[in-house]
Amino acid sequence: MIDRETLERKFGSDSVKFTRGPGGFVCIEVANAAATAKISTYAAHLFDYTPAGERPVLWMSGSSWFEAGKPMRGGVPICWPWFGPGAREELPAHGFARLSQWEVRAVESFENGTVTRVVLGLTPEQVAKPELVAFAFDLECEFWIGRSLTVALTMKNCSDAPVVVTDALHTYFAVKEAEAVRVRGLDQVGYEDRVVGAPVVLGHVQQGDIRIDREVDRIYHSTGAVEIYDPGFNRTIRVEKSGSAATVVWNPWIRKSHAMPDFGDEEYHSMLCIEAANASVDARTVFPGEKRRISQTVTVL
Ligand code: TA6
C-alpha cells in the first residue's frame, strides 16, 4: 500500500494534500487560487476538476467501482497502450494503465499559485499484471490544474523494437442534459460509427453540430478543437488537444447504460465523453527510444 504520510511529507503543501480517497486509494487533492482537483494515484485517475466559481467539469458515475484491478467510471481514464478491446479476449479493454498503481514523480506550483502541476509515472514493474506488458516503456501523466485543465500523457518506447500503440484521454464531461447539448467543431469530418452491435462503418461525414439522441460511439478523424455547448448548465466547454489524430465522442444512451453494472441506468443524461485519442486507423508506430505525447486542454469559456 502506498505510504500516504511519506507522500504528504515529500510533496504536500498548502495547496496539495495527500488523503485516502475512494477505495482507500491515495488521493492527491489540489486546491489552488484557480481551481480544485482530485487525482487518484491508482490509475493516475483525475476524477474531479472544478474551476473557481464553476460547476464541476468532470462527471463520475454514482455506481463507479473503486477497486484495484477495475477501472473507475468517469473523470479521465488513461487508455494505454491500447484503446478499445484488447487484441485477445483475455486482455482488459483500454489497456492496463488505468488498472495500475502509479508513482508520484513531481508536484509543483506556478504563476503565483494559480497553476499546480502534478506528475505521475508508470513503469513495467508497477503494472499489476506483468503478463500484459509487451515492451519496455516509461509512461508519465502530467496534470496542469488552473483556470484551464491540461492532461498530458507521454510514453517512451524503452525497448529495442518499434511498437504500435493506440491511446486516449477518455474524458467524461458533466452536462445538465445530454439531449440538449451540441458539440461543435467536427462539421464535415469523417468518422467511424462503432455503436455496440452495429457493424463498424467507415466513411460517415458529420453534418453540422453533433446532437445526442441515441447511443453515440464515434471515432472522428480530426486533430482539431471542439466545443461542448451546454444550455442546461449555461456554459460552453472548449476542448483542445495535441498529439492526437482522433476525437472519440461517446454517450452509451439507454440500452448500454442498463448493461453496464458501474453505470447508473439514467446516468446517460448527465454525461458526454469527448476523448483525445489515437485509435483505429490512427494507431501510432513508436520507434526505440522515441517519446510520444498526447494532451487535452479543457477550458470553461
Ligand atoms: O470511448 C468509447 C468506448 O470505446 C465505448 O465503446 C465504450 O466501451 C467506452 O469506451 C467505455 O469503455 P469501458 O471499458 O470504460 O467501459
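Residues numbered from 1 in each chain as written. Predicted model: local features only at pLDDT ≥ 70, side-chain atom pairs only at ≥ 80, totals over all residues. Heavy atoms only, no water.

### Brief notes about the sheet that holds strand β6 (residues 103-110)
Next up, step 1: The nine strands lie next to each other as β6-β7-β8-β9-β23-β19-β18-β13-β16, forming an open sheet whose pairing is antiparallel. The open sheet is flanked by β6 and β16 (210-211), the only strands paired with a single partner. (Pairing = 2+ DSSP bridges. Helix = DSSP H or I, 4+ residues; strand = E, 2+ residues; numbered from the N terminus.)

### Description of the site of the ligand
Next up, step 1: Every residue near the ligand is listed here: R73, F83, A93, H94, R98, H170, D217, V248, W250, K256 and E275.
Next up, step 2: Interatomic distance of 2.9 Å between a side-chain N/O atom of R73 and an oxygen atom of the ligand.
Next up, step 3: Within the side chain of H94, an N or O atom sits 3.0 Å from an oxygen atom of the ligand.
Next up, step 4: Here the ligand, which alone exposes 390 Å², has 83% of that area covered by the protein.
Next up, step 5: Counting atoms within 2 Å of the grid points, the majority share of the ligand lands in the largest pocket. (Near = heavy atom within 4 Å. Polar contact = N/O pair within 3.5 Å; in protein donor to acceptor, adjacent residues only side chain to side chain. Areas by Shrake-Rupley, 256 points an atom, 1.4 Å probe, with all protein chains shown as cover. 1 Å grid on protein atoms, 1.4 Å probe; cavity = no way out; pocket = protein on both sides within 12 Å on 5 of 7 lines; lining within 4 Å. Sits in = over half its atoms within 2 Å of the grid points.)

### Observations concerning the pairing of strand β23 (residues 291-300)
Across a regular strand the side chains alternate sides, sitting on one face of the sheet and then on the other.
Next up, step 1: Among the ten residues in β23, seven count as buried, and that is most of the element.
Next up, step 2: Both strand β9 (residues 148-157) and β23 contribute to a ladder of nine bridges, which runs antiparallel. Across the sheet, the residue bridging to V151 is Q296, located in β23.
Next up, step 3: In the sheet, strand β19 (residues 235-242) pairs with β23 via six bridges, with the strands oriented antiparallel. Note on β23: the bridge partner recorded for E240 is T297. (Buried < 20%, exposed > 50% of the residue type's maximum accessible area, 1.4 Å probe, protein only.)

### Points about the packing of aromatic side chains
Next up, step 1: Under the defined criterion, the tally for this structure stands at 15 aromatic pairs.
Next up, step 2: Ring centres of W80 and F96 lie 5.9 Å apart, and the angle between their planes is 90°; on these two criteria the pair is classed as edge-to-face. Taken together, the residues W80 in the loop between β5 (78-79) and β6 and F96 in the loop between β5 and β6 connect sequence positions 16 residues apart.
Next up, step 3: Assessed through its relative accessible area of 0%, W80 is described here as buried.
Next up, step 4: What makes F96 buried here is its relative accessible area of 3%.
Next up, step 5: A ring pair is formed by W250 and F263, whose centres lie 6.5 Å apart and whose planes are at 70°; its orientation type is edge-to-face. (Phe/Tyr/Trp six-rings, centres within 6.5 Å; stacked < 30°, edge-to-face > 60°.)

### Quick word on the sheet that holds strand β3 (residues 35-40)
Next up, step 1: With antiparallel pairing, four strands are arranged side by side in an open sheet as β1-β2-β3-β4. The open sheet has two free edges, formed respectively by β1 (16-20) and β4 (45-51), since each of these has just one partner strand. Put simply, the sheet's adjacent strands are angled 15° from each other on average, direction ignored.
Next up, step 2: Each of β1 and β2 (26-31) is contacted by helix α1 (residues 4-11), which is oriented at about 180° to β1, the strand it contacts most. (Axes fitted to C-alpha atoms, helices over the stretch in contact; angles between N-to-C directions. Contact = heavy atoms within 4.5 Å.)

### Here we look at the pattern of salt bridges
Next up, step 1: Enumeration over the complete set of coordinates arrives at 20 salt bridges.
Next up, step 2: For R105, the salt bridge is made with E103, and the minimal N-O distance between the two is 2.8 Å.
Next up, step 3: Look at E103 and you get partly exposed, because its relative accessible area is 30%.
Next up, step 4: The closest approach of N and O atoms between R184 and D209, which form a salt bridge, is 3.5 Å. Pair noted here: R184 is in strand β13 (residues 182-184) and D209 is in the loop between β15 (201-205) and β16, with a separation of 25 residues, a long-range link.
Next up, step 5: Overlapping salt bridges bring together E103, R105, D138 and E140 as one network. (Salt bridge = Lys/Arg side-chain N within 4 Å of Asp/Glu carboxyl O.)

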